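Below are the chains, spelled out letter by letter.
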Amino acid sequence: MKKILSAAVVLAAIAAIAGAKPKAVTLKVGATPEPHAEILKLIQKDLKAQGIKLKIVEFTDYVTPNKALEDGQIDANYFQHLPYLESFNQEQGTHLSNAGGIHIEPIAVYSKKYKSLDELPDGAKIGVPNDPTNEGRALLLLQSAGLITLKDNAGITATPLDIASNPKGLKFTEVEAASVPRILPDVDAAIINGNYAIPAGLNASKDGLFVEGADSPYVNVVAVKVGHENDAAIKALVDALQSAKVREWIQKRYPNGDVIAVF
């Protein structure tokens, strides 16, 4: 029985014989400015050499890039850690999947008023992100620092209602993660995500009063719609992000551990 070739295969064969170059694939990837968009810019030429035109679409919040991905406005995004992605799917009914882990951005406690956690007064106002996973992450950090104790059943989505012990009577100001650096002068201390701390000129190792450990499970990932994890362009994107070139750039750009490659 004769095998019938598809039109695409025939056209590809003709183009190959004629020496024509295949049409470049455009890959739209959403990202927050730093470090994500900066890292993506680093691999644009590498992907171009593979026939992939990488278009970086910058966002400044955590919600819009996931909605844009779910709606098909972009092909992937790179800005969030895995617990946030899983929580977002659960809450918003989205169908997003992890295509590959790239780095960790340790969060830290920062203050414009005090130089150590011991100096925090009773009733201190603490700024924290208001989305479930990042607020839980912030509270877990405060627990690690010995400032509060959470209930035994509190996990990564802990809220102030899950605090079992609060010796200093800390009061929490809950705002969108992107806004936490802006309220830092108005509170006694704040827990800020790395991708918002860096543009705000904050360095975790230098400015942080207490920093999350490098063994953090909050790995930043490339997210795609479920079923697209093995698309050729997506795999090429992840491979480029998990390259020695990117790892060396991260180590040079963030020598103090503000960003840590996980590959």
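What counts, and at which threshold
Along every chain, residues carry numbers that run from 1 in the direction the sequence is written. Whole-chain, interface and lining totals are the exception, using all residues; otherwise, since this is a predicted model, local features are given only for residues with pLDDT of at least 70 and side-chain atom pairs are given and counted only at 80 or more. For side-chain calculations, the full set of non-hydrogen atoms in the structure is used, while hydrogens and water are omitted. We count a stretch as a helix when DSSP gives it H or I for four or more residues in a row; a strand needs E for two or more, and each element gets its number in order from the N terminus. Each residue's exposure class comes from its accessible area (1.4 Å probe, protein chains only) as a fraction of the maximum for that residue type: buried when under 20%, exposed when over 50%, partly exposed otherwise. Residue contacts follow a heavy-atom distance rule, with two residues in contact if any of their heavy atoms lie within 4.5 Å. The Shrake-Rupley method, run with a 1.4 Å probe sphere, supplies the accessible areas, and residue values consider only the shown protein chains as cover. Asp and Glu are treated as the negative residues and Lys and Arg as the positive ones, with His and the ends of the chain left uncounted. A charged residue contributes its charge at one atom only: NZ of Lys, CZ of Arg, CG of Asp or CD of Glu. For two strands to be treated as a pair, DSSP must find no fewer than two bridges joining them. In this analysis, axes come from line fits to C-alpha atoms, helices being fitted only over the stretch in contact, and the angle between any two N-to-C directions falls in the range 0 to 180 degrees. We call two directions roughly parallel when the angle between them is under 35 degrees, roughly antiparallel when it is over 145, roughly perpendicular when it lies between 65 and 115, and oblique otherwise. Lys, Arg, Asp and Glu make up the charged group, whereas Ala, Val, Leu, Ile, Met, Phe, Trp, Tyr, Cys and Pro make up the nonpolar group; the residues left over, Gly among them, are polar. The definition of a nonpolar core used throughout is a set of buried Ala, Val, Leu, Ile, Met, Phe, Trp, Tyr and Cys residues joined through side-chain atoms within 4.5 Å. Between N or O atoms, a polar contact is any pair within 3.5 Å; within protein, one atom must be a potential hydrogen donor and the other a potential acceptor, and residues adjacent in sequence are included only when both atoms are from side chains. Stacked, tilted and edge-to-face are the three classes assigned to paired rings of Phe, Tyr and Trp, where Trp is represented by its six-membered ring and a pair needs centres within 6.5 Å; plane angles under 30 degrees give stacked, over 60 edge-to-face, the rest tilted. Patch construction takes residues with relative accessible area above 30% that form no salt bridge. Like charges are linked within 9 Å, and nonpolar side chains (Val, Leu, Ile, Met, Phe, Trp, Tyr) are linked within 5 Å. Within this document, salt bridges are pairs made up of a side-chain nitrogen of Lys or Arg and a carboxyl oxygen of Asp or Glu, the two lying within 4 Å of each other.

Student: Describe the overall build of the protein chain, listing the residues and the values that go with them.
Tutor: The helix and strand tally for the protein chain stands at 11 helices and 13 strands. Principal-axis analysis of the C-alpha atoms places the extent of the protein chain at approximately 80 × 40 × 25 Å. Residues classed as buried in the protein chain amount to 48% of the 263 residues present. Sequence-distant contacts in the protein chain: of pairs separated by 6 or more residues, those separated by 24 or more amount to 74%. Summed over all atoms, the accessible surface of the protein chain reaches about 13200 Å², with 52% contributed by carbon and sulfur. For the protein chain, the distance from the average position of its 27 positive side-chain charges to the average position of its 30 negative side-chain charges is 11 Å.

Student: Tell me about the sheet that holds strand β5 (residues 108–110), and name the residues and values.
Tutor: Taking strand neighbours across the sheet as the criterion, the five strands line up as β9-β6-β10-β5-β11 in an open arrangement whose pairing is mixed. Of all strands in the sheet, those with a lone pairing partner are β9 (171–175) and β11 (210–211), marking the two edges. Pairing geometry for β5 and strand β10 (residues 189–192), over three bridges, is antiparallel. Its bridge partner lying in β10, A108 is registered against I192. Each of β5, β6 (125–129), β9, β10 and β11 touches helix α6 (residues 132–144); the most contacted strand, β6, lies at about 135° to it.

Student: Quick one: what's the story with the pairing of strand β12 (residues 219–225), residue by residue and with numbers?
Tutor: For a regular strand, side-chain orientation follows a simple rule: the groups alternate between the two sheet faces. Most of β12 is tucked away: six of the seven residues are buried. Where strand β4 (residues 96–104) meets β12, seven bridges bridge the pair, whose relative direction is antiparallel. The partner of G100 across the bridge, within β12, is V222.

Student: Outline the packing of helix α5 (residues 82–92) against α6, supporting the account with residue identities and numerical values.
Tutor: In contact at an axis separation of 8 Å, α5 and α6 are set at 140° when each is read in the N-to-C sense. With respect to their mutual orientation, α5 and α6 come out oblique. Contact residues: P83, Y84, S87 and E91 in α5; P132, T133 and N134 in α6. Partitioning the contact of α5 with α6 into residue classes produces three nonpolar, three polar and one charged.

Student: Lay out the nonpolar core in plain terms, naming residues and giving numbers.
Tutor: Generally speaking, a soluble globular protein has its nonpolar side chains buried in company with each other. Ranked by internal contacts, the top residues of the largest apolar core, which has 29 residues, are L40, I43, L237 and L241. Looking at this core, the elements with two or more residues in it are β1 (25–31), α2 (33–42), β2 (52–58), β3 (76–81), β12, α10 (232–241) and α11 (244–253). Per-element accounting of this core gives the leading share, seven residues, to α10. If near-sequence neighbours (up to four positions away) are discounted, I43 is found in contact with L54, L237, A240, L241 and V246.

Student: Break down the side chain of N77 for me, citing the residues and quoting the values.
Tutor: Looking at where N77 falls in the secondary structure, it is placed in strand β3. One polar contact links N77 to Q80, side chain to side chain, over a distance of 3.0 Å.

Student: Please set out the packing of aromatic side chains residue by residue, giving values where relevant.
Tutor: Taken as a whole and judged by the stated rule, the model has six aromatic pairs. For the ring pair Y62 and F79, a centre distance of 5.8 Å and an interplane angle of 35° mean the geometry is tilted. With Y62 in the loop between β2 and α4 (64–70) and F79 in strand β3, the pair connects residues that are 17 residues apart, well separated along the chain. The class for Y62 is buried, based on a relative accessible area of 8%. Judged by relative accessible area, F79 falls into the buried class, the value being 3%. Ring centres 6.4 Å apart and planes at 70° place the aromatic pair F79 and Y84 in the edge-to-face group. Taken as a pair, F79 and Y84 share a single burial class, namely buried. The structure contains a cluster of three or more aromatic residues connected by ring pairs, namely Y62, F79, Y84, F88 and Y196.

Student: Report on the environment of I52, specifying residues and quantitative values.
Tutor: Among the secondary structure elements, I52 is positioned in strand β2. With 164 residues separating them in the primary sequence, I52 and S216 have C-alpha atoms 32 Å apart.

Student: Which residues make up a positive patch on the surface, and what values do they have?
Tutor: A cluster of basic residues, K28, K45, K48, K53 and K55, forms a positive patch on the protein surface. Secondary-structure elements contributing two or more residues to the positive patch are α3 (44–48) and β2.

Student: Requested: an account of the sheet that holds β3, with residues and values cited.
Tutor: Strand order in this open sheet of six strands is β2-β1-β3-β12-β4-β13, and the pairing throughout is mixed. Each end of this open sheet is capped by a strand with a single partner; those strands are β2 and β13 (260–261). Pairing between β1 and β3: three bridges, direction parallel. Each residue of the ladder has a partner; that of A31, found in β3, is Y78. Packed onto the sheet, α5 meets β3, β4 and β12 and runs at close to 110° relative to β3.

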